[in-house]
Amino acid sequence: MTYNSTLLRLLEERGYIHQLTDAEGLDAMAAKQVVPGYIGFDPTAPSLHVGHLVSIMMLRQLQRAGHKPIVVMGGGTGKIGDPSFKDEARKLLTEDLIKENVASIRRVFERFLTFGDGPSDAIMVDNAEWLDKLEYIPFLRDIGQHFSINRMLSFDSVKLRLDREQSLSFLEFNYMILQAYDFLELSRRAGCRLQMGGSDQWGNIVNGVELARRVDGTQVFGLTTPLLTNADGTKMGKTVGGAVWLNEDQLPHFDYWQFWRNTDDRDVGKRLRLFTDLPLDEIERLEALQGNEINAAKVVLANEATRLCRGEEASKSAEATAQATFAGGGMGGDLPTIEVNAEGIRLGAACTALGFVASNGEAKRKIAEGAVRLDDVAMDDPALLIVLAAGETRKLSVGKKKHGVIKGI
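Each chain has its residues counted from 1, following the order in which its sequence is written. Under the rules for a predicted model, residues below a pLDDT of 70 receive no local features and side-chain atom pairs below 80 are neither given nor counted, while totals for whole chains, interfaces and linings still include all residues. Calculation of side-chain values draws on the structure's entire complement of heavy atoms; hydrogens and water are dropped beforehand.

*Asks:* Go over the side chain of N247 with me, naming the residues and quoting the values.
*Replies:* Residue placement: N247 occurs in the loop between β6 (221–225) and α12 (253–261). Residue exposure (1.4 Å probe, protein chains only): buried if accessible area is under 20% of the type maximum, exposed if over 50%, otherwise partly exposed. Assessed through its relative accessible area of 3%, N247 is described here as buried. Excluding residues that lie within four positions of it along the chain, N247 makes contacts with P46, S47, L48, S104, R107, V108 and R310. Put simply, DSSP marks the helices as runs of H or I at least four residues long and the strands as runs of E at least two long, and each gets a number from the N terminus on. Contacts are assigned to residue pairs with any non-hydrogen atoms lying within 4.5 Å of each other.

In structure tokens, the structure reads:
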């Protein structure tokens, strides 16, 4: 359909829309008033990762279109963990660890959103504010009556676990009810009219939409994004080195920049639309580049994505490091670094210490394959002892894309 509201036109043009509970209703509301919309983030780690980034960017686009983003930190739901499409229950976190994770995660949102008291300024709330105060019997009586066990069992996120005969605890089974209750509570507290999320959240979101209608008679809406995959079909953000964290204390600026620079040629246009603010006509020009010229578009993508998440200085520094490392054959200042004392370090251990391989065994295999270089010279002995004077540095490379520094102290 053709949308009248700036919000849905913007989201559609940039590729954010997968499912809508009521496209016409949301379009009409967004065309005439400010729509507060929320996405929830459970604090299961000290940082979010790039798998969460499309949700963060969607809140950013909501604000760019003149509407109000609500960031919901799952201080309450995080005590359970979302079972959607998970093979097993999440490890239960202590309250103190949840609070530490929430404090750590908050920082990244301030770079993507403008917070304040204005009509379209973002706000951040913690669902522990209301979930921790619920009384079991009143909650079952007032909210539980609106949920059908038969229907809950039909959702794909639940069926997947049951079909595989994998345990689904009663604790986890309650997650979707609590998420639905979040929507009802946010509708009452903040006039929230829209919940957004990934495609795996569709069932949870629909539950919230129906609960608000049944309990309060309020019209609210749900919107999901497509599952983000790479051109080769793998899930975006899954790398050999682990999660691509958004917080700089979890992942160096250069590694974050390099993740975007390594984008497959076929994914450049999609990622520019979803993860940058560049105008669409500029994106069309960049994605049309052919041959080696597409690498210029990847640098733009890396610079823009890093600038949004880490800041202008981090983006420029990471690009300069890439230039020095790849073009100039030198060592940029942002490369991961390990410090070694006068006793030195074995070559295989250095590969592991820099995080380029997961084990000494993998290091030996990489060295045997000729993939490990010291100052751009291929090495063949994992037991080679690297001894450096204080202040001396050597560049260690594994493959074409992993480079680090060994520094003597």
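*Asks:* Can you tell me about the pairing of strand β7 (residues 337–340), naming the residues and giving the values?
*Replies:* Judged by which residues are buried, β7 turns out to be one-sided: I338 and V340 face inward and are buried, whereas T337 and E339, on the alternate face, are not. As judged from the 4 bridges shared by β7 and strand β13 (residues 402–408), these two strands associate in the parallel manner. Paired with T337 across the two strands is V405, which belongs to β13. Any two strands with at least two DSSP bridges between them are considered paired.

*Asks:* Account for the UniProt feature "binding site: L-tyrosine" (unreviewed entry) in the protein chain, naming residues and giving values.
*Replies:* UniProt positions are given in the numbering used here, feature names are shortened, and annotations may be inferred rather than shown by experiment. UniProt marks Y38, Y175 and Q179 with the feature "binding site: L-tyrosine" (unreviewed entry), using the numbering shown here. Tracing the chain through its elements places Y38 in strand β2 (residues 36–41). What makes Y38 buried here is its relative accessible area of 2%. If near-sequence neighbours (up to four positions away) are discounted, Y38 is found in contact with L59, I70, V72, Q179, D182, F183, L186, C192, L194, Q195 and M196. Tracing the backbone shows Q179 in helix α10 (residues 175–190). Those residues in contact with Q179 that sit more than four places away from it in its chain are Y38, Q195, Q201, N204 and I205.

*Asks:* How would you sum up the sheet that holds β2? Please name residues and give values.
*Replies:* A sheet is described by the order of its strands in space; here 6 strands give the open sequence β1-β6-β5-β2-β3-β4, paired in mixed fashion. Of all the strands in the sheet, the pair left with one neighbour each is β1 (19–20) and β4 (123–126). Together, β2, β3 (68–73) and β4 form the strand contacts of helix α4 (residues 95–112), whose direction differs from that of β3 by roughly 160 degrees. Along the sheet, helix α11 (residues 202–216) contacts β1, β5 (194–198) and β6; its crossing angle with β6, the most-contacted strand, is approximately 170 degrees. For every element, the axis is a line fit to its C-alpha atoms; helices are fit only across the contacting stretch, and the angle between N-to-C directions ranges from 0 to 180 degrees.

*Asks:* Give me the lowdown on the packing of α10 against α11, citing residues and values where you can.
*Replies:* Where α10 meets α11, the axes come as close as 8 Å, and the angle between the chain directions of the two elements is 50 degrees. Judged on the interaxial angle alone, α11 and α10 are oblique. For the pair α10 and α11, the sense of crossing is right-handed. On α11, the residues touching Y175, M176, Q179, A180, Y181, F183, L184 and R188 of α10 are N204, I205, N207, G208, V209, L211, A212, V215 and D216. Residue type decides the class: Asp, Glu, Lys and Arg count as charged, Ala, Val, Leu, Ile, Met, Phe, Trp, Tyr, Cys and Pro as nonpolar, and the leftover types, Gly among them, as polar. Of the residues that constitute the contact of α10 with α11, the class distribution is 11 nonpolar, 4 polar and 2 charged. For this classification, under 35 degrees means roughly parallel, over 145 means roughly antiparallel, 65 to 115 means roughly perpendicular, and everything else is oblique. Put simply, a crossing is left-handed when the front helix is turned counterclockwise from the back one by less than a right angle, and right-handed when it is turned clockwise.

*Asks:* Any chance you could break down the sheet that holds β7 for me, citing the residues and the numbers?
*Replies:* Read across the sheet, 5 strands follow the order β7-β13-β12-β9-β10 without closing on themselves; strand pairing throughout is mixed. Each having just a single partner strand, β7 and β10 (377–378) make up the two edges of the open sheet. As paired strands, strand β9 (residues 372–374) and β10 are joined by 2 bridges and run antiparallel to one another. From the neighbouring strand, R373 faces β10, where its bridge partner is A378.

*Asks:* Can you break down the nonpolar core residue by residue, with the values?
*Replies:* Ranked by size, the top nonpolar core spans 68 residues in total, and within it F109 and W260 carry the most contacts. Boundaries of every domain are those given by an automatic assignment or by a domain database. Composition of this core by domain shows at least three residues from each of domain 1 (6–225) and domain 2 (252–328). Apart from the residues within four sequence positions on either side, F109 is in contact with F41, L48, I56, V71, M73, F115 and M124. Take the buried Ala, Val, Leu, Ile, Met, Phe, Trp, Tyr and Cys residues and link them wherever side-chain atoms come within 4.5 Å; each set so joined is a nonpolar core. Judged by nonpolar contacts, the second largest core, of 29 residues, contains I70, W130, F147 and M176.

*Asks:* An account of the environment of E13 is requested, with residue identities and associated values reported.
*Replies:* Its place among the elements puts E13 in helix α1 (residues 6–13). As a C-alpha pair, E13 and V206 span 193 residues in sequence and 24 Å in three-dimensional space. When residues no more than four places from it in sequence are discounted, the contact partners of E13 are R273 and L280.

*Asks:* Please give an account of the pairing of strand β12 (residues 393–398) that cites residues and values.
*Replies:* Two elements, β9 and β12, share 3 bridges in a ladder whose sense is antiparallel. Directly across from V372, in β12, lies its bridge partner V398. Examined bridge by bridge, β12 and β13 share 6 bridges and lie antiparallel to one another. Its bridge partner being in β13, L396 is matched across the sheet by G404. In this structure, the hairpin formed by β12 and β13 is closed by a connection of 3 residues, where G399 is found at a positive phi of approximately 70 degrees.

*Asks:* Hey, could you go over the domain arrangement of the protein chain for me, with residue numbers and the actual values?
*Replies:* Along its sequence, the protein chain is organised into domain 1 (6–225), domain 2 (252–328) and domain 3 (337–408). Placing the centre of domain 1 and that of domain 2 at their C-alpha centroids yields a distance of 30 Å. In this description, buried area is defined as the sum, over both parts, of the accessible area (probe of 1.4 Å) that is lost when the two are combined. In this assembly, domain 1 packs against domain 2 so that about 1,300 Å² is buried in total across both faces, 58% of it on carbon and sulfur atoms. Per-residue buried area on domain 1 facing domain 2 is highest for R14, V50 and R111; these three make up 44% of the total on that side. Salt-bridge detection follows one rule: a side-chain nitrogen of Lys or Arg within 4 Å of a carboxyl oxygen of Asp or Glu. At the boundary of domain 1 and domain 2, one finds 2 salt bridges. Residue D277 pairs with R60 through a salt bridge whose shortest N-O separation is 2.5 Å. Nitrogen and oxygen atoms within 3.5 Å of one another constitute a polar contact, given that in protein one can donate a hydrogen and the other can accept it, and given that sequence-neighbouring residues count only through two side-chain atoms. Counting the contacts that link domain 1 with domain 2 gives 6 residue pairs in polar contact (both at pLDDT 80 or more). Listed by contribution, the elements that provide at least two residues to the side of domain 1 that touches domain 2 are α3 (53–64) and α4. Here the side of domain 1 that touches domain 2 takes 6 residues from α3, the largest share from any one element. Per-class residue counts for the side of domain 1 that touches domain 2 are 7 nonpolar, 2 polar and 5 charged.

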